[in-house]
Amino acid sequence: MKLEELSSRIRECRRCGLWKSRTQAVPGEGPEKARVMLIGEAPGREEDLQGRPFVGRAGRFLTQQLSRLGYSRENFFITNVVKCRPPGNRKPRSEEIKACHKWLEEQIRLVKPKLIILLGATAAEAFGLNLKERGKFIKKEGRVIFVTYHPAGAMRNKKLKGIFIQDLKKGLSKIF
Ligand code: SF4
């Protein structure tokens, strides 16, 4: 199966209850053979309306920080642990994350990224990790995973912002 076909299947998915309140699913976007995959928590309002990941305020902040470090967001495959917006932007429930994880596993299998960057606690938890492991290269099940803060948290807190930028620099310099 190709990435495009997988995205079409995700758009039709009703594996968990989140399909009922979505405008549309947000499968993710980026090159089929992206070297780095960025994974956040869930689509927000803007993402739900546009059908694209990380296009709201936090997404623009992420794109801006990547660009300041010399990277274009088009180089990355960007997605979330759940592909449909939880009502009112609540945290996705564990059963929703579990239901959607099959899609994420398929995406990882197709893209084969050299590095997976997990943005925030929910993304980390979906891979059995947590923010205490932030800033380290973690080898797990044949993958290299790196945990950092979610851009929404980093853009609101000056201290976290500095750490977040340093983390991106560290993570990406290993690959590019
Ligand atoms: S969140 Fe994931 S599992 Fe749930 S309906 Fe959307 S695509 Fe399907």
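Turning next to helix 7 (residues 158-173). Between its terminal C-alpha atoms helix 7 stretches 23 Å, which fits the 22 Å expected from 16 residues at 1.5 Å a residue. Among all positions in helix 7, only Phe 164, Ile 165, Asp 167, Leu 168, Gly 171 and Leu 172 are buried. Along helix 7, the residues classed as buried sweep out an arc of 160 degrees about the axis, all on the same side. For helix 7, the exposed residues set more than 90 degrees away from the buried face come down to Lys 158 and Lys 159. Check the buried side of helix 7 and you find it contacts strand 1 (36-40), helix 3 (57-68), strand 3 (115-119), strand 4 (137-140), strand 5 (143-148) and helix 6 (151-154).

As enumerated under the stated definition, the model contains nine salt bridges in all. A salt bridge links Glu 29 to Arg 52; the shortest N-O distance between them is 2.8 Å. With a gap of 23 residues between them, Glu 29 in the loop between helix 1 (3-11) and strand 1 and Arg 52 in the loop between helix 2 (45-50) and helix 3 connect regions that are remote in the sequence. With a relative accessible area of 33%, Arg 52 lands in the partly exposed category. Through salt bridges with shared partners, a single network forms among Glu 29, Arg 52 and Arg 73.

Judged by nonpolar contacts, the single largest core of 31 residues is most densely connected at Ile 39, Val 81, Leu 118, Phe 127 and Leu 129. Breaking this core down by element, the ones donating at least two residues are helix 1, strand 1, helix 4 (94-111), strand 3, helix 5 (121-126) and strand 5. Once you skip the residues sitting within four places of it in the chain, Phe 127 turns out to touch Ile 39, His 101, Leu 104, Ile 108, Leu 118, Lys 140, Arg 143 and Ile 145. Core analysis: the second largest hydrophobic core is formed by 19 residues, Phe 54, Leu 66, Ile 78 and Phe 146 among them.

Our next topic: the packing of helix 3 against helix 7. Closest axis-to-axis distance for the helix 3/helix 7 pair is 11 Å, and the angle between their directions is 55 degrees. Put simply, helix 3 runs oblique to helix 7. Regarding helix 3 and helix 7, the two cross each other, and that crossing is right-handed. On the side of helix 3, the interface is formed by Phe 61, Leu 62, Gln 65 and Leu 66, while helix 7 contributes Lys 161, Phe 164, Ile 165, Leu 168 and Leu 172. Tallied by class, the residues present in the contact of helix 3 with helix 7 amount to seven nonpolar, one polar and one charged.

Parameters and conventions
- Residues numbered from 1 in each chain as written.
- Predicted model: local features only at pLDDT ≥ 70, side-chain atom pairs only at ≥ 80, totals over all residues.
- Heavy atoms only, no water.
- Helix = DSSP H or I, 4+ residues; strand = E, 2+ residues; numbered from the N terminus.
- Expected span 1.5 Å × (residues − 1).
- Buried < 20%, exposed > 50% of the residue type's maximum accessible area, 1.4 Å probe, protein only.
- Arc of directions from axis to C-beta.
- Contact = heavy atoms within 4.5 Å.
- Salt bridge = Lys/Arg side-chain N within 4 Å of Asp/Glu carboxyl O.
- Core = buried A, V, L, I, M, F, W, Y, C linked by side-chain atoms within 4.5 Å.
- Axes fitted to C-alpha atoms, helices over the stretch in contact; angles between N-to-C directions.
- Parallel < 35°, antiparallel > 145°, perpendicular 65-115°, else oblique.
- Left-handed = near helix turned anticlockwise from the far one by under 90°.
- Nonpolar A, V, L, I, M, F, W, Y, C, P; charged D, E, K, R; others polar.

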